[in-house]
Each structure stands twice: as structure tokens, then as C-alpha cells.
Amino acid sequence: MNTRPTDNAFARIDAVSAEMQGKIIDYLDVVAGHPEMQRVRTAASAIFAPSEGERLLDAGCGAGEVARELGAQVGSTGAVFAVDRSQQAVAVAQARHDGGPVTYLAGDVTALDFPDDQFDGVRCERVMQHLADPDAAITELARVTRPGGRVCVIDTDWASSVGDGFDHLDEVVSSFFTGHSAATAGRSVRSRMVRSGLRETSVLPVTLRFLSPADAEVVAPIFSRALMREHLSEELFDRFFSSVDRSADRGDFLYAFTMWISLGHVALT
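What counts and what doesn't
Residues numbered from 1 in each chain as written. Predicted model: local features only at pLDDT ≥ 70, side-chain atom pairs only at ≥ 80, totals over all residues. Heavy atoms only, no water. Helix = DSSP H or I, 4+ residues; strand = E, 2+ residues; numbered from the N terminus. Rg over C-alpha atoms; globule rule 2.2 N^0.38 Å. Contact = heavy atoms within 4.5 Å. Areas by Shrake-Rupley, 256 points an atom, 1.4 Å probe, with all protein chains shown as cover. Lys, Arg positive; Asp, Glu negative; His and termini not counted. Charge placed at Lys NZ, Arg CZ, Asp CG, Glu CD. Core = buried A, V, L, I, M, F, W, Y, C linked by side-chain atoms within 4.5 Å. Buried < 20%, exposed > 50% of the residue type's maximum accessible area, 1.4 Å probe, protein only. Axes fitted to C-alpha atoms, helices over the stretch in contact; angles between N-to-C directions. Parallel < 35°, antiparallel > 145°, perpendicular 65-115°, else oblique. Nonpolar A, V, L, I, M, F, W, Y, C, P; charged D, E, K, R; others polar. Polar contact = N/O pair within 3.5 Å; in protein donor to acceptor, adjacent residues only side chain to side chain. Pairing = 2+ DSSP bridges. Salt bridge = Lys/Arg side-chain N within 4 Å of Asp/Glu carboxyl O.

Chemist: Mind showing me how you'd approach the overall build of the chain here?
Modeler: Counting its secondary structure elements, the chain contains 11 helices and 7 strands. Over its C-alpha atoms the chain spans a radius of gyration of 19 Å, differing by no more than 12% from the 18 Å that the globule rule assigns to 269 residues. Here the C-alpha coordinates of the chain stretch approximately 55 × 35 × 30 Å along the principal axes. Long-range pairs, those at least 24 residues apart, make up 76% of the contacts in the chain with a sequence separation of at least 6. When the accessible surface of the chain is totalled, it reaches about 11900 Å², and 51% of it is carbon and sulfur. If you average the places of the 25 positive and of the 38 negative side-chain charges in the chain, the two averages end up 3 Å apart.

Pasting the structure below:
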């Protein structure tokens, strides 16, 4: 069963049950702590290069762990605004506040409640894949960034998924991820930046790799049996996970996908 990007639970956390909200926050926490995601974030931080005294926006902040890191980097003379569409995510982020210069707000990345030219830099991670209109989001991120400031967008390219030792991966990816824009969100960010008028765009692909199904399941939803049972046909589910299990038993399982870190600058006036 296919779903549109805006139909999934991550895009509408506040509309799902309290139990599901808890599972989503738990998932975000576990992914944030995974070494492969930490490797992506380390690379993104080097590219975004926050510095003391800057005014920054973390758009789609989730539980706020990156916003708090940014707060430590900008210091007491700087400011970080952490925005998420979900009131529940913002409440969790606020509850974890560590006293840094971070303000947590609910807001829509496609219609931010900030005046033009407010930030030295804007960061946005794993949001575009959940949006019906990613171009509107990129345009908004650029609008609230000052001339000469930078916009850093990190997103996933699920269509880049590759594997070895097991079968039916392409079929599962195409069955689960909706349409071209959701599956290829990461690779399309740079062209969206160019169309929005951002200059000096650059990209860095980072390939995440997993050597067991259990490890892959932490980050990649297609290896979650509970989730896939709801989204795949029974026949495809059985074929896929039987193959995955055989690979795990043999010890030859390999799965990888690419995330893209894109950076663009607002033109000087």
C-alpha cells in the first residue's frame, strides 16, 4: 500500500495516538544515536560551520538534539531557533532544554513565522522527504536567511538503496516509498536550491552502511517487520523477509543508502 509523503506518521505526529507519538520520538532518539547518523551529522556540521555569535534556525528540529548542539556552538552571544511542525515534538524538545540559547517553536517549514533576512544560517534535516511541496520549503528557508547567509539541507535518497545477500529490495523500496519526490528527496535538493535563487551550491553524498538486518532496522523503516506488514502485500512481505533472514543466518547481509548534504548561499544584495 502506497502513501503520500504527508500521509505518514512522521508528517503528522500530533494527529496519531499517544502510543505512536512515543514510538516516533523513540525512533528519532535511536536514530540520532546511531553511529552512521552521527557520521552524517558530523559531516553536515563541518559544512554548515556554525560559529560563535550567530543567529541560526534548525527547521524540523524533532527532539531538539541538534539545536542544543548549535546552541553550544553559537554561545551566549548567539541564538538558535528550533522549529518543528509537531507541537508534541516541540514539547519534548523544550522538556530537554539544557539552558543554552535555544528557543523552541511550533511552525511550518513551508510558511515560517519569521520576517525576511533573520538568520545567518538555516539547517534542515530529513524534512523534505515528508513534504508535498519541497520547493516551497526551500524558498522559505532562503527567505528567512540574510544576504550572504547559508542554507544547509540534509535529506535521504531512499531510491539509492542497495543490498547484497538478500533479494527483492528494489521491489520493497518502490512499494513502500511514495512516488519520485519522496524516494529521491536527498538528491533533488540542490536543483531546488538553484531554482530558488540560492548561489554557490555544493553537495556532499554520505553513504550509510549496515551489516545486519537488526542494525539496518534502526535507521531504515523497510526492515521493520511491524511497519512493513502494514505496507507490503503478504506475498512480498514473506519473500523479502525470508530472504533477509537467510542472509542474516549466513552472515553476508549488506545494506546501504545515501544521504545528501546540500549547501546554498543567499545572494548578496
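Having put the structure on the table, let's press on.
Chemist: For this particular structure, what's the right way to read the nonpolar core?
Modeler: One finds Ile-222, Phe-223 and Tyr-255 to be the most contacted residues of the largest nonpolar core, which totals 49 residues. By size, the runner-up hydrophobic cluster in this structure holds 25 residues, among which are Cys-124, Val-127, Val-151 and Met-193.

Chemist: What should I look at first to understand the packing of helix 1 (residues 18-33) against helix 2 (residues 35-48) in this one?
Modeler: For any two helices packed against each other, the geometry is given by the interaxial angle and the distance between the axes. The interhelical angle for the contact between helix 1 and helix 2, taken along N-to-C directions, is 70 degrees, at an axis separation of 5 Å. Put simply, helix 1 runs roughly perpendicular to helix 2. Packed against helix 1, whose contacting residues are Val-31, Ala-32 and Gly-33, the element helix 2 presents Pro-35, Met-37, Gln-38 and Arg-41 at the interface. Residue classes in the contact of helix 1 with helix 2 are distributed as 4 nonpolar, 2 polar and 1 charged.

Chemist: Can you walk me through the side chain of Thr-201 in this structure?
Modeler: Among the secondary structure elements, Thr-201 is positioned in strand 6 (residues 199-210). Only 3.1 Å separates the side chain of Thr-201 from the side chain of Arg-190, close enough to count as a polar contact. For Thr-201, the residues in contact, after removing those within four places along its chain, are Arg-190, Met-193, Val-194, Leu-263 and Gly-264.

Chemist: Please explain the sheet that holds strand 7 (residues 254-265) as it appears in this structure.
Modeler: The strands making up a sheet are joined through hydrogen bonds of the backbone, oriented either antiparallel or parallel. Taken in spatial order, the 7 strands line up as 3-2-1-4-5-7-6 in an open sheet, and their pairing is mixed. Strands with a single pairing partner mark the edges of an open sheet, and in this sheet they are strand 3 (102-106) and strand 6. Across the sheet, the axes of successive neighbouring strands diverge by a mean angle of 15 degrees, strand direction being ignored. As defined by bridge partners, strand 1 (residues 55-59) adjoins strand 2 (residues 79-84) across 5 bridges and the pair is classed as parallel. Across the sheet, Leu-57 pairs through a bridge with Phe-81, a residue of strand 2.

Chemist: Could you clarify how one ought to interpret the pattern of salt bridges in this entry?
Modeler: Pairing between side chains becomes possible if they bear opposite charge and their charged atoms approach one another. Tallied over the entire structure, the rule returns 19 salt bridges. Of the charged contacts in the structure, one is a salt bridge between Glu-36 and Arg-209, with a shortest N-O distance of 3.2 Å. One end of the pair, Glu-36, is in helix 2; the other, Arg-209, is in strand 6, with 173 residues separating them in the sequence. Across the pair Glu-140 and Arg-143 runs a salt bridge whose closest N-O atoms are separated by 2.6 Å. One end of the pair, Glu-140, and the other, Arg-143, are both in helix 5 (residues 134-143), 3 residues apart, so they sit about a helical turn from each other. Residues joined by salt bridges that share partners form a network here, namely Arg-41, Asp-58, Glu-65, Arg-123, Glu-125 and Arg-126.

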